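Here is what each chain is made of, one letter per residue.
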Amino acid sequence: MRLSRYFLPVLKENPAEAQIVSHRYMLRAGMIKQASAGIYSWLPMGYKVLRRIEQIVHEEQARAGHLALLMPTIQSADLWRESGRYDAYGEEMLRIKDRGGRDMLFSPTAEELITDIFRAHVGSYKDLPLTLYQIQWKFRDETRPRFGVMRGREFLMKDGYNFDVDKDAALHAYNRHMVSYLRTYERMGLTAIPMRADSGPIGGDDTHEFLVLASTGESEVFYDEAVTQLKLGHRDIDYTDRAQVAAVCKEFTTLYARTDETHDPAIYERDVPAERRKVGRGIEVGQIFYFGTKYSEPMGATVQTASGEKVPVHMGSHGIGVSRLLGAIIEASHDDKGIIWPEGVTPFHCGIVNLKQGDAEADAACEAIYAALTALGLDPLYDDRDARAGEKFATMDLIGLPWRITVGPRGLKNGVVELTSRRTGESEELPPEQAVARIAEIYKGI
RNA sequence: CGGGGCGUAGCGCAGCCUGGUAGCGCAUCUGCUUUGGGAGCAGAGGGCCGGAGGUUCGAAUCCUCUCGCCCCGACCA
């Protein structure tokens, strides 16, 4: 993409309403525009990152054997009356009447609808296990939306639902989700720690929240410092292997890590050596639940077992806050100049800064680098504006592309361009072809 | 939902107390000069001051109502 042809309305000054860094930078980098309280338009660059995050979520869900589908945002109240949640959910649910006076709602979550789909089409234990998920907009009419996309009223969420024949199988689904989530967050450059949590209105016995440590987080967290060192890495995982998946979960949930809701000082002090006890704040970027037959029983979602008996299926639900992740990633990765995108989610793989637009040699060198990167399947952003170097650098720093190739007459005289890491600020001079090769190398396998 | 605050040009703000026909910086457009970290000079365009009533000869400014947004707290898969 050429910046002169792109829509990137960057702001030089901080918008008054933005209090936290991710909100400020998302507005300043031209990623979002507020439409009303807690509701945002996603401008091209914000939308690009959003889609990138979605894609990672999809890929990791597919790897775990889960199936994508899409359910409507507007749902009939009838199903919600059946589960009893139409009255129980409260003011957070946006209620609407259609022209026929029928009660409708904007879905805050989809247990009812997915259960309805399941009971209509599945009747045998042979069809299990089954895990269906979607990435769809949700609406929760929060009394006080804030922090930009971190706590909006409308937000994009991945919500998944597993259906299993018994509790053991459902707990395997739970574990499978935990592992797939760990991998998902790691690919985005995040350290998200699973913490034992409260089940809240969804109900159920087992639930973990995934927290990204950040000083602006809404939850207070207590943890063993060693938990932040755990890494899934590229290890091979067979998601159908119950023992292997359970072992990974054990590895990641044995060390103490809890939110203030479930924090137990006695256990904390008993199990965590004093020098490793950490108290901080975290951003909740996902949660997984096992809730058994809470919805399948009242809604009649049953399967026949091998012995011909009809039993309610065991279910769980699993969410990732996709739009919130943008905020969380920025909170976890920025400096005083702007965003620093991890390679896994960056909107463009690298920036090309032409220091002297209009100079025949510099223009030609930039075009050649642009073409070479594009030919390799990479997506560069070429700042071809007729602007001064300082402005181009400031823009690149703000929007946070992890790598920058700087091209100017001075370097070209010696046959070199500059390759700069946004994260470390370190620069290296090398011939254009080598710079291109280095970028290609960096993104191999990401 | 309780408490506090703010709506004036695309963004950031001043003017309001003490009514007299709207201003600054950045951005935008034109021209010239510049060109390795948000350039300089000269010129130009852009706002019925959130909305509706009221007081007044006259309202951005005073009064009433209303809408929107932000902050702290409560709330929150």
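Residues numbered from 1 in each chain as written. Chains lettered and ligands numbered in written order. Predicted model: local features only at pLDDT ≥ 70, side-chain atom pairs only at ≥ 80, totals over all residues. Heavy atoms only, no water.

A.B. asks: Outline the sheet that holds strand β4 (residues 74-76), supporting the account with residue identities and numerical values.
C.D. replies: Across the sheet, which stays open at both edges, the 3 strands sit in the order β4-β6-β5 with antiparallel pairing between neighbours. The sheet terminates laterally at β4 and β5 (94-97), the two strands that pair on one side only. Sheet twist, expressed as the average angle between the axes of neighbouring strands with direction ignored, equals 40 degrees. Pairing of β4 with strand β6 (residues 103-106) involves 3 bridges; the strand directions are antiparallel. Bridged to S76 within β6 is M104. (Pairing = 2+ DSSP bridges. Helix = DSSP H or I, 4+ residues; strand = E, 2+ residues; numbered from the N terminus. Axes fitted to C-alpha atoms, helices over the stretch in contact; angles between N-to-C directions.)

A.B. asks: Tell me about the domain arrangement of chain A, and please be specific about residues and values.
C.D. replies: When the domains of chain A are assigned, the result is domain 1 (3-339) and domain 2 (350-443). Just the C-alpha atoms count here: the centres of domain 1 and domain 2 sit 37 Å apart. Each partner contributes to the interface: domain 1 provides 15 residues, whereas domain 2 provides 13 residues. Regarding the contact of domain 1 and domain 2, the summed buried area is about 1200 Å², with carbon and sulfur atoms giving 57% of it. Seen at the junction of domain 1 and domain 2, the total is 2 salt bridges. (Domains from an automatic or database assignment. Contact = heavy atoms within 4.5 Å. Buried area = accessible area lost by both parts, 1.4 Å probe. Salt bridge = Lys/Arg side-chain N within 4 Å of Asp/Glu carboxyl O.)

A.B. asks: How would you sum up the sheet that holds strand β23 (residues 427-430)? Please name residues and give values.
C.D. replies: Taken together, the 5 strands give an open sheet; going across it, the order is β20-β19-β21-β22-β23, and neighbouring strands pair in mixed fashion. Among the strands making up the open sheet, the edge pair consists of β20 (380-383) and β23. The mean inter-strand angle of the sheet, taken between neighbouring strand axes irrespective of direction, is 20 degrees. Here 4 bridges tie strand β19 (residues 350-354) to β20, and the two strands are oriented parallel to one another.

A.B. asks: Describe in detail helix α11 (residues 360-375), supporting the description with residues and values.
C.D. replies: When the terminal C-alpha atoms of α11 are compared, their 22 Å separation across 16 residues agrees well with the 22 Å that a helix rising 1.5 Å per residue should span. Among all positions in α11, only A362, A365, C366, I369, Y370 and L373 are buried. The buried residues of α11 occupy an angular sector of 135 degrees when projected down its axis, which confines them to one face. In α11, the exposed positions angled more than 90 degrees off the buried face are occupied by A360, E361 and A375. Looking at the buried positions of α11, the neighbouring elements they touch are β19, β20, β21 (403-407), α13 (409-413), β22 (417-421) and α14 (432-443). One or two residues past the end of α11 sits G377, with phi positive at roughly 85 degrees. (Expected span 1.5 Å × (residues − 1). Buried < 20%, exposed > 50% of the residue type's maximum accessible area, 1.4 Å probe, protein only. Arc of directions from axis to C-beta.)

A.B. asks: So what's going on with helix α2 (residues 44-63)? Which residues, and what values?
C.D. replies: Taking 1.5 Å of rise per residue, 20 residues should cover 28 Å, and α2 covers 29 Å from first to last C-alpha, within 8% of that figure. Three or more residues of α2 are buried, namely M45, G46, K48, V49, L50, R52, I53, E54, I56, V57, E60 and Q61. Count one or two residues on from α2 and you reach G65, which has phi positive near 90 degrees.

A.B. asks: With reference to specific residues and values, describe the packing of helix α6 (residues 167-187) against helix α7 (residues 242-253).
C.D. replies: In a packed pair of helices, the relevant descriptors are the angle between the two axes and the axis-to-axis distance. Between α6 and α7, the shortest axis-to-axis distance is 9 Å and the interhelical angle comes to 60 degrees. Between α6 and α7, the crossing angle belongs to the class labelled oblique. Viewed along their axes, α6 and α7 form a crossing whose handedness is left-handed. In this structure, α6 contributes D168, A169, H172, N175, R176, M178, V179 and L182 to the contact, and α7 contributes R242, V245, A246, V248, C249, F252 and T253. Classifying every residue of the contact of α6 with α7 gives 9 nonpolar, 3 polar and 3 charged. (Parallel < 35°, antiparallel > 145°, perpendicular 65-115°, else oblique. Left-handed = near helix turned anticlockwise from the far one by under 90°. Nonpolar A, V, L, I, M, F, W, Y, C, P; charged D, E, K, R; others polar.)

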